[in-house]
Amino acid sequence: MVASNSVVPRGRAHRSTLPDVRTLTPAELADHTARIGEQGYTIVPDAIEPDLVEEIDRELHRLEGELGTLPATNDFEGSQTVRIYNLLVHGRPFERIPTHPNVLPVVESVLDDGCLISSLSSIAICAGETPQPIHADDQLMPIPKPHPPTVCNTMWAITDFTEANGATRVIPGSHLADASPDYGTHYDSIPADMERGSVLVWHGSLWHGGGANTTDQRRIGVAMNYCAGYIRQQENQQLGIPREIAAGFTERLQRLCGYSVYYGLIGHIDKRDPIELLRGERPHGMVWDGL
Ligand SMILES: O=C(O)CCC(=O)C(=O)O
């Protein structure tokens, strides 16, 4: 049952027609990578198939009702924002998100192809929400800045994102700063406006935050977050996803969940690749075996 409070959907910021999805060309991929290097973020327009966007939208609505998900009571997650975590346990449409061919290559170009899913959640910013404090997604990692990307996050626009409805706010170039923002301080930022079906991709050191929603419609996004294969995932994918569900994933998705070994070393179990737990096969040996 959908909880009856002020954040229940009152409408969605949809365009009436959706453009066809485009395939990322090598030149576009290079441009996106360069923009993330320079500005800290990029937007991939019309990245997602309209039918997938619609299915995710429908499923999120259904899930919210089924799970009775309510907003949190802290400023960071937002008191008028509905977040559903651990989406990979909730069915096929969500399984298509982490490996999307118009998004994952951009992320791999920032991290590398040993990257992992850090978390997968929805963020519906509802009417009346105030701005989220500006932060960097890697700011709890105690390593000097600037540093090579350890995190690369993406926001899928399930509705249009506008300044008025709470589009993610970014501070271009801030990923190169030698510090993270001070929590609760105001910083000048710009809205990452984008149309439904587009995806914002950013370097984990970029200063950013969710915007205020001054409309009466929800801004719905899916936060598909990745981290380098050598650091800890934000949501523990191996414990959070029952093994029988993970067993039904594609091999690429299983590896992104952490059933993998980074460069033949990080993540092994008694010198064996954890993918064996799901697929039974015994892949290559550890890095030492090739020395
Ligand atoms: O909702 C958004 O636009 C950004 C959310 C975000 O940055 C976060 O929750 O860490």
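Residues numbered from 1 in each chain as written. Predicted model: local features only at pLDDT ≥ 70, side-chain atom pairs only at ≥ 80, totals over all residues. Heavy atoms only, no water.

Points about the sheet that holds strand β6 (residues 190–191)
In a beta sheet, neighbouring strands pair by backbone hydrogen bonds and run either parallel or antiparallel.
Point 1. The strand order β6-β5-β8 describes an open sheet built from three strands, whose pairing is antiparallel. In the strand order of this sheet, the two ends are held by β6 and β8 (208–209), each with one partner.
Point 2. Across two bridges, strand β5 (residues 169–170) lies against β8 in antiparallel orientation. Residue pairing in the sheet places valine 170 in a bridge with histidine 208 of β8. (Pairing = 2+ DSSP bridges. Helix = DSSP H or I, 4+ residues; strand = E, 2+ residues; numbered from the N terminus.)

Some remarks on the sheet that holds strand β4 (residues 151–157)
Point 1. Reading across from one edge, β1-β7-β4-β9-β3-β2 is the order of the six strands in this open sheet, with antiparallel pairing throughout. Looking at strand neighbours, the two that pair on one side only are β1 (41–44) and β2 (81–84), the edges of this open sheet. Going across the sheet, the axis of each strand differs from the next one's by a mean of 20°, ignoring polarity.
Point 2. Here β1 runs beside strand β7 (residues 199–203); their pairing, made up of four bridges, is antiparallel. If you follow threonine 42 over to β7, its bridge partner there is valine 201. (Axes fitted to C-alpha atoms, helices over the stretch in contact; angles between N-to-C directions.)

Focus on the site of the ligand
Point 1. In the vicinity of the ligand, the contacting residues are Phe76, Arg83, Ile123, Ile125, Gln132, His135, Asp137, Met155, Thr168, His208, Gly210 and Arg219.
Point 2. At 2.9 Å from an oxygen atom of the ligand is found a side-chain nitrogen or oxygen belonging to arginine 83.
Point 3. The side chain of histidine 135 places a nitrogen or oxygen atom 3.0 Å from an oxygen atom of the ligand.
Point 4. Per-class residue counts for the shell around the ligand are four nonpolar, five polar and three charged. (Near = heavy atom within 4 Å. Polar contact = N/O pair within 3.5 Å; in protein donor to acceptor, adjacent residues only side chain to side chain. Nonpolar A, V, L, I, M, F, W, Y, C, P; charged D, E, K, R; others polar.)

Details of the pattern of salt bridges
Point 1. Summed over the entire model, instances satisfying the criterion amount to 14 salt bridges.
Point 2. When the shortest N-O distance is used, the salt bridge between glutamate 59 and arginine 62 registers 2.7 Å. Of this pair, glutamate 59 and arginine 62 both sit in helix α2 (residues 50–67), separated by three residues, roughly a single helical turn.
Point 3. Aspartate 138 serves as the salt-bridge partner of lysine 145, at 2.7 Å between the closest nitrogen and oxygen.
Point 4. With a relative accessible area of 1%, aspartate 138 lands in the buried category.
Point 5. If you follow the salt bridges from partner to partner, you end up with Glu251, Arg255, Asp273 and Arg279 in one network. (Salt bridge = Lys/Arg side-chain N within 4 Å of Asp/Glu carboxyl O. Buried < 20%, exposed > 50% of the residue type's maximum accessible area, 1.4 Å probe, protein only.)

Notes on the confidence of the model for the chain
Point 1. Overall, the predicted model of the chain reaches an average pLDDT of 92, with 93% of residues at or above 70.
Point 2. With pLDDT under 50 throughout, residues 1–18 is counted as low confidence; its partners more than four residues away or in other chains account for 43 contacts. (pLDDT = per-residue confidence, 0-100. Contact = heavy atoms within 4.5 Å.)

Here's the deal with the packing of aromatic side chains
Point 1. All chains considered together, the criterion is met by four aromatic pairs.
Point 2. Their ring planes at 70° and their centres at 5.0 Å tell us that tyrosine 187 and tryptophan 207 sit as a pair that is edge-to-face. Of this pair, tyrosine 187 sits in the loop between β5 and β6 while tryptophan 207 sits in the loop between β7 and β8; the two residues are 20 residues apart in sequence, bridging distant segments of the chain.
Point 3. A relative accessible area of 18% places tyrosine 187 in the buried class.
Point 4. Tryptophan 207 sits in the buried class, given a relative accessible area of 12%. (Phe/Tyr/Trp six-rings, centres within 6.5 Å; stacked < 30°, edge-to-face > 60°.)

Side note on the pairing of strand β3 (residues 116–125)
Point 1. With 10 of 10 residues buried, β3 is to be regarded as a mostly interior element.
Point 2. Where β2 meets β3, four bridges bridge the pair, whose relative direction is antiparallel. In the sheet register, arginine 83 faces β3, and the bridge partner there is isoleucine 123.
Point 3. Note that β3 and strand β9 (residues 219–227) share nine bridges and pair antiparallel. Considered in β9, the bridge of alanine 124 is made with isoleucine 220.

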